[in-house]
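# Architecture at a glance
For reference, the chains in residue letters:
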Amino acid sequence: MLNRNSTSNGEAADLPLAGITVLDFSQFLAGPSASLRLADLGADVIKVERPDGGDLSRRLYVSNLRIDGDSTLFHTINRNKRSLAADLKNPDDMARLRTLLKTADVMIQNFRPGVMERLGLGYEDVRTINPALVYASVSGYGDAGPWRGKPGQDLLVQAMSGLAWMSGNASEPPVATGVAVADMMTGTHLVQGILAALVRRGVSGRGGRIDVSLMESILDLQFEFFSTFLNDGEKAPVRGSIGSASAYLSAPYGIYPTRDGFLAIAMNPIDKLAGLIEARTSGKGQVVDTAMCDGASSLITMFHALAAMGHLITFLVRSIAAVPLAFRHYSKEVWRLLADVAWGNGAIVVGGGTVGVMVILGIMGGATVGIEGYTALNLLGMSPVTGGLSAFAT
């Protein structure tokens, strides 16, 4: 049995799961991530491993680093646990495990459905040994159904569940998340079920069985998307063309390239974004290098995304005073550049020379607005401005 890195006895006794013993037969990520959380809460986790090499994640690398001959991933996901080597086909080792199960509170396993039953460690077998034990199982696709025997793997589940389609741009293939989100979510759901069963045991004295799967957990993660899909005529989600961060949230929600990095924009209406634009000005208030201004470049990038997605921009302005001050620092050339970008968007851009007021009109008052010349300002209750008004409309 290997050493366990733990808190001091006094600190451990104060943790909510102090005194709870967990026998963990699981490997890789989903099951071990669950027992890790239980250990963090004070449980004594005994990890059961094969004598010939142990948990396969000891050799599952996310980098070239090793700690004591094993992968950093193994040590990360299995910290604060004890380890016991046992051959599940050896009668003596099985006898020792059954002795441990008599006093254990929780058992975790992630073998394929049917394997533990053949070994004599299925739920019904263990329940006869310890009726108060909470038996927790992880599988790829559930304990029943046509995919019952298939191996569960995070990337495959992301693809089969549709999660990978929710990220990336329309012109790109499905994009998987950079972390093992299916494994981690499944581990979280397993902990939730275990804790609920332990609470019930504290009331009724009886144990229970918890079953979770990678597929069910990753489907649950997408409950908002499925609710929308099932209640909206089962229309397939459409990803944006540039900077798309969600197939169900349109621009400007997304991540966009800028001159010196990337810009993430979340849940900001266009008029609020306008207030974030800062132009470089001289001491006299004149624009310096406006066309290359970071704010203008970012806004232009955003308009490219909107145009590519085919969205109308709605920018409601009641009076000239409502236009953010930063907009007034831009020259007519910048507004022309923005207008060129918005041309294919079905939007209307009105730029006013020296004042530099920019109004983007999409749908206003329940009707599509088509404007030429000074009519735009009249609609807004504004007086025409000098400097050569230019209107661009599709």
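Just so it is clear, the model here is predicted, and its values are computed rather than measured.

### A closer look at the overall build of the chain
Looking only at helices and strands, the chain features 14 helices and 15 strands. Per-residue burial over the chain gives 44% buried out of 394 residues.

### Thoughts on the sheet that holds strand E8 (residues 208-213)
Within a sheet, neighbouring strands are paired by backbone hydrogen bonds and run either parallel or antiparallel to one another. Taken together, the 6 strands give an open sheet; going across it, the order is E5-E2-E1-E6-E7-E8, and neighbouring strands pair in parallel fashion. Two strands close off the open sheet at either side, each with one partner strand: strand E5 (82-85) and E8. If you compare each strand with its neighbour and ignore which way they point, the axes differ by 20° on average. Contacting strand E6 (106-109), strand E7 (134-139) and E8, helix H8 (residues 181-204) runs over the sheet at an angle of about 165° to E8. The sheet strands contacting helix H9 (residues 214-221) are E7 and E8, and the helix crosses E8 at an angle near 70°.

### Overview of the pattern of salt bridges
All chains considered together, the criterion is met by 9 salt bridges. Among the salt bridges present, the one from Arg96 reaches Asp93, with a minimum N-O distance of 2.1 Å. Here the residue Arg96 and the residue Asp93 both occupy positions in helix H4 (residues 91-103), the gap between them amounting to 3 residues, near one helical turn. Judged by its relative accessible area of 12%, Asp93 falls in the buried class. With a closest N to O distance of 3.0 Å, Asp105 and Arg201 form a salt bridge.

### Focus: the packing of helix H7 (residues 154-161) against H9
In a packed pair of helices, the relevant descriptors are the angle between the two axes and the axis-to-axis distance. Contact geometry for H7 and H9: axes closest at 10 Å, N-to-C directions at 50°. By the criterion of interaxial angle, the relationship of H7 to H9 is oblique. You can see that H7 and H9 cross each other, and the crossing is right-handed. Between H7, through Asp154, Val157, Met160 and Ser161, and H9, the contact on the second element is made entirely by Leu214, Met215, Ile218 and Leu219.

### Re the confidence of the model for the chain
A low pLDDT score tells you not to read the predicted coordinates there in detail. For the chain, the mean per-residue pLDDT works out to 73, and 64% of the residues sit at or above 70. A low-confidence stretch, residues 279-296 (pLDDT under 50), is modelled with 39 contacts involving residues beyond four sequence positions or located in other chains.

### Thoughts on unusual backbone geometry
Positive phi is not limited to glycine here, since Phe28 has a value of about 65°. Along the polypeptide, Phe28 turns up in the loop between strand E1 (21-24) and helix H2 (30-40). The phi dihedral of Asn80 is positive, around 65°, even though this residue is not glycine. Turning to its location among the elements, Asn80 is positioned in the loop between helix H3 (72-77) and E5. Residue Asn80 is classed as buried on the basis of its relative accessible area, which comes to 16%.

### A word on the nonpolar core
Core analysis: the largest hydrophobic core is formed by 29 residues, its most contacted members being Val22, Leu38, Val106, Ile108, Leu190 and Ile194. The element contributing the most residues to this core is H8, with 7 residues. When neighbours within four sequence positions are excluded, Val22 is seen to be in contact with Leu38, Ala43, Asp44, Val45, Ile46, Val106 and Ile108. Membership of the second largest hydrophobic core comes to 18 residues, among which are Phe25, Val48, Met94 and Leu101.

### Brief notes about a nonpolar patch on the surface
On the surface, Trp147, Leu156 and Met160 cluster together into a nonpolar patch covering about 290 Å² of accessible area. In this fold, Leu156 is placed in helix H7. With relative accessibility at 45%, the residue Leu156 sits in the partly exposed group.

### Some remarks on the pairing of E7
Extensive coverage of E7 is indicated by the burial of 6 of its 6 residues. Burial along E7 is two-sided: the residues Val134, Ala136 and Val138 and Tyr135, Ser137 and Ser139 are all buried. Relative to E8, E7 is paired through 6 bridges, and the arrangement is parallel. Considered in E8, the bridge of Ala136 is made with Ile210.

### Some points on the packing of aromatic side chains
Evaluation of the coordinates by the stated rule reveals 3 aromatic pairs. An angle of 80° between the planes, with centres 5.4 Å apart, marks the rings of Tyr141 and Trp147 as edge-to-face. On the accessibility criterion, Tyr141 (10% relative accessible area) is buried. Taken together, a centroid distance of 5.4 Å and an interplanar angle of 20° make the contact between Phe225 and Tyr248 stacked. A residue pair is termed long-range when its members are at least 10 positions apart, and Phe225 in helix H10 (residues 223-231) and Tyr248 in the loop between H10 and strand E9 (254-258) qualify at 23 residues. The partly exposed category is assigned to Tyr248, whose relative accessible area is 27%. Cation over ring: Arg239 sits above Trp165, and NZ or CZ is 3.9 Å from the ring centre.

Conventions used here
Residues numbered from 1 in each chain as written. Predicted model: local features only at pLDDT ≥ 70, side-chain atom pairs only at ≥ 80, totals over all residues. Heavy atoms only, no water. Helix = DSSP H or I, 4+ residues; strand = E, 2+ residues; numbered from the N terminus. Buried < 20%, exposed > 50% of the residue type's maximum accessible area, 1.4 Å probe, protein only. Pairing = 2+ DSSP bridges. Axes fitted to C-alpha atoms, helices over the stretch in contact; angles between N-to-C directions. Contact = heavy atoms within 4.5 Å. Salt bridge = Lys/Arg side-chain N within 4 Å of Asp/Glu carboxyl O. Parallel < 35°, antiparallel > 145°, perpendicular 65-115°, else oblique. Left-handed = near helix turned anticlockwise from the far one by under 90°. pLDDT = per-residue confidence, 0-100. Core = buried A, V, L, I, M, F, W, Y, C linked by side-chain atoms within 4.5 Å. Patch = residues over 30% accessible without salt bridge, like charges linked within 9 Å, V, L, I, M, F, W, Y side chains within 5 Å. Areas by Shrake-Rupley, 256 points an atom, 1.4 Å probe, with all protein chains shown as cover. Phe/Tyr/Trp six-rings, centres within 6.5 Å; stacked < 30°, edge-to-face > 60°. Lys NZ or Arg CZ within 6 Å of the ring centre and 35° of its normal.

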